[in-house]
Amino acid sequence: MAAQGRHGGKKSNKMTALVVDDNTVNRMIHHRLLDNLGIENVAVVNGKEAVDIHCSGKTFDLILMDMDMPVMNGIEATRQLREMGIRSMIAGVSTRSMEREIREFIEAGLDDYQEKPLTMSKLISIIHKING
Amino acid sequence: MRQSFFDEGILDQQFSQLEQLEEKGNPSFLEQVFTMYFNDSTRVLATVEQAMGETDSLDIGEVDHVLHKFKGSTASVGASKVLSEIINIRKLLGEGDLQGAEVAFQELRKEYDNLKAKLELYFQQLREAGPAETASAPHPK
């Protein structure tokens, strides 16, 4: 899949993703889901690491952002990334079901929200929004 | 054996989703995921058990937070019975029913131990049978 447009052109045609989740099981599953779609991906364990990796100059086509994480949660991380000018697709992924909490997460700057567990079909629907 | 997991409600379709992520000819991903899940769960259950044993100083919010994270990974591996028990404990803790939550925790323990024992046996059988065994497994109802 070509990685263009959303955050400027890229030299490589391979899509890239950042997995942000403090849970090892979820990181492993999300990593494999992305791998199977041919998407290069890295994983970090909290929102601060997500912000730091962007501060180091890296960008990604897609960010899968968990909500509840130590050090910095997904809401704050999303807010900071948007303030930094990061225009990547940020998809919130969480088990939270209260509308108020989900709304706060979305208003922080999400492009999409999916309830966990993340499945291949949910991930494909997120990716279609990047290309759409 | 695999079909019995679904028939008994121990696992749900999320488990099938994970099976589909296995590399052909190298079906170790599923076992790796569950090994990680069981490693994490051991710590979680010990933490919750200890916290609930200290009823005078029990921090319900903290226990609920731990259970919330446990709920997430449990849903991700498709362990539906364990998931139901986690939801039940959180509900009882939220209602302030500590006695009920302790009983529910024992049920959670039972379901978790059952899941672990059965899956460990299943993975052992898979290793002994080889990759062909997983290719033609039936789907959940």
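Residues numbered from 1 in each chain as written. Chains lettered and ligands numbered in written order. Predicted model: local features only at pLDDT ≥ 70, side-chain atom pairs only at ≥ 80, totals over all residues. Heavy atoms only, no water.

- Chain B has the name Histidine-containing phosphotransfer protein in an unreviewed UniProt entry, where Hibiscus sabdariffa is given as its organism.
- Per UniProt, the comment on chain B under Function (unreviewed entry) is "Functions as a two-component phosphorelay mediators between cytokinin sensor histidine kinases and response regulators (B-type ARRs). Plays an important role in propagating cytokinin signal transduction." (UniProt positions renumbered as here; feature names shortened; annotations may be inferred.)

- By the naming in an unreviewed UniProt entry, chain A is Response regulatory domain-containing protein, taken from Hibiscus sabdariffa.

### Some thoughts on unusual backbone geometry
Here comes step 1: Look at the link from Lys116 of chain A to Pro117 of chain A: it is a cis peptide, with omega at 5 degrees.
Here comes step 2: As for its position among the elements, Pro117 of chain A is in the loop between β5 (112-115) and α5 (120-131). (Helix = DSSP H or I, 4+ residues; strand = E, 2+ residues; numbered from the N terminus.)

### Concerning the UniProt feature "coiled-coil region" (unreviewed entry) in chain B
Here comes step 1: UniProt tags residues 98-125 of chain B as "coiled-coil region" (unreviewed entry).
Here comes step 2: For residues 98-125 of chain B, the helix share is 100%, the strand share is 0%, and the end-to-end C-alpha distance is 40 Å.

### A closer look at the UniProt feature "modified residue: 4-aspartylphosphate" (unreviewed entry) in chain A
Residue and element names in this part refer to chain A.
Here comes step 1: Those residues carrying the UniProt feature "modified residue: 4-aspartylphosphate" (unreviewed entry) are Asp66 in this numbering.
Here comes step 2: As for its placement among the helices and strands, Asp66 is situated in strand β3 (residues 62-66).
Here comes step 3: Accessibility expressed as a relative area gives 4% for Asp66, which makes it buried.
Here comes step 4: A distance of 3.1 Å separates the side chain of Asp66 from the side chain of Lys116, its partner in a polar contact. (Buried < 20%, exposed > 50% of the residue type's maximum accessible area, 1.4 Å probe, protein only. Polar contact = N/O pair within 3.5 Å; in protein donor to acceptor, adjacent residues only side chain to side chain.)

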